Structure formats: structure tokens, C-alpha cells
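Topology and contacts: notes
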Amino acid sequence: MTVPAAGRGTTTVAPRAVRRIAERAAAEALPDGGSVIRGSAAVRGASARIAVGVRLPYPVRADEAAQRIRERAETRTAALTGLSVPRAEVRVDALSVAAPPPVPEAEPGLPGDEGGSGPRIWAQRRVPAAVLAAVGAAACGLLLVDVIAVRFGGAPAGWRTALVDWAAAHGPADTAVRLAGVGAALVGAWLLSCALLPGLRRRLRMAAPAPEVRAALDRTAAARILRERALGVPGVVQARVSVRRRRARVRAGVGYGRPEEVRAEVVRVLGASLPELGLRRTPALRVRVRREPGWRAPEAEVPEAEVPEAAEVPTVAGRPAAAASGPHDRHHGGAQDGDLDGPQDGPGDGPRTSGEA
């Protein structure tokens, strides 16, 4: 007996199951040292949209790794759930930084926006959407209940009559009405900005090899990478890095060495590191250095003074020859001996002798 298709029932795949399948599929395509942070899924009919946030090891080509993860997540999710996955998003939320490798020399002619840019990733705005939906549902529900009660012969609710009476007694010139209007205008402007602006200001767009691939790098992760590179420069004991869309600012504290030489080395190292981030637009680099409180000046190389070799002093009758010399020779020899060994009694006096010639 054959049962009609309409009577066989339906199979529903929950979004939670789709999300877990997408996370496991993305983990299968991750390079060594990577991990899946969080995923999301939305199911509409026979199609599903998935998004996965990952942590990648550094250094790695984020655009190529994101493309492999996206393709794996799409194919495995569609094969295991039976749903069509027309769109998948992969977000690089963090990078795991290992020991910094030796910094290569910057190659000339390496543009910052090489490759396609891809469409920009838009924020999902879950919290504003949930708040607006809850407030709108509550207000509409209260008004609908009151209208139905009045329709069936009941008295209108007290809050609605009080609101109508208050609105009839107050005009546009009242302060309360003006404040309420300003508040409503601000809320409307905020909602319009949420709808028209992409958001995600904390992420930097990355170069993508294909138009359907979208990748972004968190600004904190980029700043952490540049800070590790700056701390690896000899002489730098402290570094603060902030990365924006158009500019990267570095403030380095010099503990020893010449500040101008340390700054030049920091500029060279970070200038070679910025193109390695794979950003669509390489930000301009600004470096400032300052001396730390315990800064030590570089030691100047001073040649050692040549010390004459000690010569044998002849003696006459058990006494040094200087004692048997004349007054001029005694003064000259005494001054020489005082400079090498003995103490001096005064700025112009030679060492005292026990006898005269």
C-alpha cells in the first residue's frame, strides 16, 4: 500500500542541529592550531544560512583558509541535513600568535589592497531587533486586548483614557511633550543607523581572492600582532598599539639605546609586518618613542689610556737614585712616582723624601 506524500508527515531540522553540524564541518577544514569559536544558523523552509567564527594560527593566509572553511561547511551541512545552503559566512574573530619568526625584509611593490575586497560583512543587530520586537509586541498586545474588550461592550482601560486625557490637556509648547518628541527622534535615528550602517567597526576588511568570500580581522588581534613584533625590537621595553581602518599608531617605550635608532628599527619591522596581515587597505604607520624612567644611555667607547711600563730604579748606597740627584731631578722624579703609586700632599708638591743630596 502506498501512502500519499501529504500523509507521510514532515521532517524538521532544528537550527541548533544545523549550527552544530556547521561548526563540526568548519573544524574539519581548520589548519593546525585553529579552533571554532561560535557558529549560528537560520533555517527557512528548505534552505539554511550559516555563519561560523574561527580562530586561526598566525601566520596563515586568512583569505585562503576562510574559503576552504566556507566550502567545507556548505557542502557538509547540505549533505548531512538535506537543506540547501546558498550562503555561508566565515568570520576570523581571533588569531593565536606563536613565537615571532624572523622578520623578512619588506618587498617593494606589495600593495595593501591586492585581491578582491568582497562585500562587507553586516552586523546582525540581534539585541536591537529583540528589544524593538519585544516593546512593539507588548504595546500592540495591550492595545489589541483593550480594543477587543471595548468592542464587546466593556469599559476602556484606565491607562488608555488617562493617556488620551493627558494628550488633550497638553500641547506642543509643553516641556514634557518636547522632551518626548526629542526622545522619539533619537530612538528613530538610532534605528535608522542600525538599518543603514553595516556596523562591526571593530573589524578590518581583508583582501579576498573571490567576490563571494568575505573576511574580516579583529582590530584587537591586529594590534596584538604588531605589539609582539614591536616588543621584539632591541631597546623596546613597552609598547601600545592601536589599529584603525586608515592608521596604525604605535607608542614605544625605550629602555636602553639611542631612541632614533630604536624608532627606525621599529618602523622597519612593523612596515614589513603590516602587509602580512592581508588587509584590503594597509593602514598608514605612525610610530612615537619616548624614554622610560630607567632609560640607560649607550656607553661611549673610550680608548684606554696608555700606562708606561715600570722601569727599574737604580739605587745609590741603599737609597733611590732620585734622592742622590739634584733638586731639579728630585722634583721631576718625585712627581712621576707620585702619579703612579704614592699619594700627593698638595697640588704642586711632590712626595716627601727622607734625605737630601
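See above for the structure.
Residues numbered from 1 in each chain as written. Predicted model: local features only at pLDDT ≥ 70, side-chain atom pairs only at ≥ 80, totals over all residues. Heavy atoms only, no water.

Moving on, we get to the sheet that holds strand β8 (residues 284–296). Judged by pairing direction, the sheet is mixed, and its three strands sit side by side in the order β6-β7-β8 without closing on themselves. Taken across any chain shown, the strands that pair with only one partner, and hence form the sheet edges, are β6 (236–243) and β8. Ignoring which end each strand starts from, the neighbouring axes of this sheet average 15° apart. Against the sheet, helix α6 (residues 219–231) contacts β6 and β7 (247–256), and its axis sits at roughly 155° relative to β6. The strands that helix α7 (residues 259–273) touches are β6, β7 and β8; relative to β8, the one it contacts most, it runs at about 140°. (Pairing = 2+ DSSP bridges. Helix = DSSP H or I, 4+ residues; strand = E, 2+ residues; numbered from the N terminus. Axes fitted to C-alpha atoms, helices over the stretch in contact; angles between N-to-C directions. Contact = heavy atoms within 4.5 Å.)

A general feature of soluble globular proteins is that nonpolar side chains tend to end up buried together. Within the largest apolar cluster, 49 residues are counted, with the highest numbers of intra-cluster contacts made by Val54, Leu56, Ile69, Leu217, Val243 and Leu277. Of all elements in the fold, only α1 (15–28), β2 (47–58), α2 (62–81), β3 (84–97), α6, β6, β7 and α7 reach the threshold of two or more residues within this core. (Core = buried A, V, L, I, M, F, W, Y, C linked by side-chain atoms within 4.5 Å. Buried < 20%, exposed > 50% of the residue type's maximum accessible area, 1.4 Å probe, protein only.)

The next thing to look at is the pattern of salt bridges. Working definition: two side chains of opposite charge can pair if their charged atoms are close together. According to the stated counting rule, one finds eleven salt bridges in the structure shown. Residues Asp63 and Arg61 are paired through a salt bridge, measuring 2.7 Å at the closest nitrogen-oxygen approach. Of the residues examined, Asp63 reaches a relative accessible area of 7% and is grouped as buried. What makes Arg61 partly exposed here is its relative accessible area of 48%. (Salt bridge = Lys/Arg side-chain N within 4 Å of Asp/Glu carboxyl O.)

With that settled, consider unusual backbone geometry. Between Tyr58 and the following residue, Pro59, the backbone shows a cis peptide bond with an omega angle of 5°. Structurally, Pro59 is set in the loop between β2 and α2.

Here Arg214 shows up in the loop between β4 (203–205) and β5 (216–218). The spatial distance from the C-alpha of Arg214 to the C-alpha of Gln67 is 8.6 Å, given a sequence separation of 147 residues.

Relative to β2, strand β1 (residues 35–44) is paired through nine bridges, and the arrangement is antiparallel. When the bridges of β2 are listed, Gly39 appears paired with Val52. The loop that links β1 with its antiparallel partner β2 comprises two residues; one of these, Gly45, has a positive phi angle of about 65°.

So, on to helix α3 (residues 126–151). Between its first and last C-alpha atoms α3 spans 37 Å; for 26 residues at 1.5 Å apiece the expected length is 38 Å, and the two agree. Positive phi shows up at Gly153, right after α3, with a value of about 95°. (Expected span 1.5 Å × (residues − 1).)

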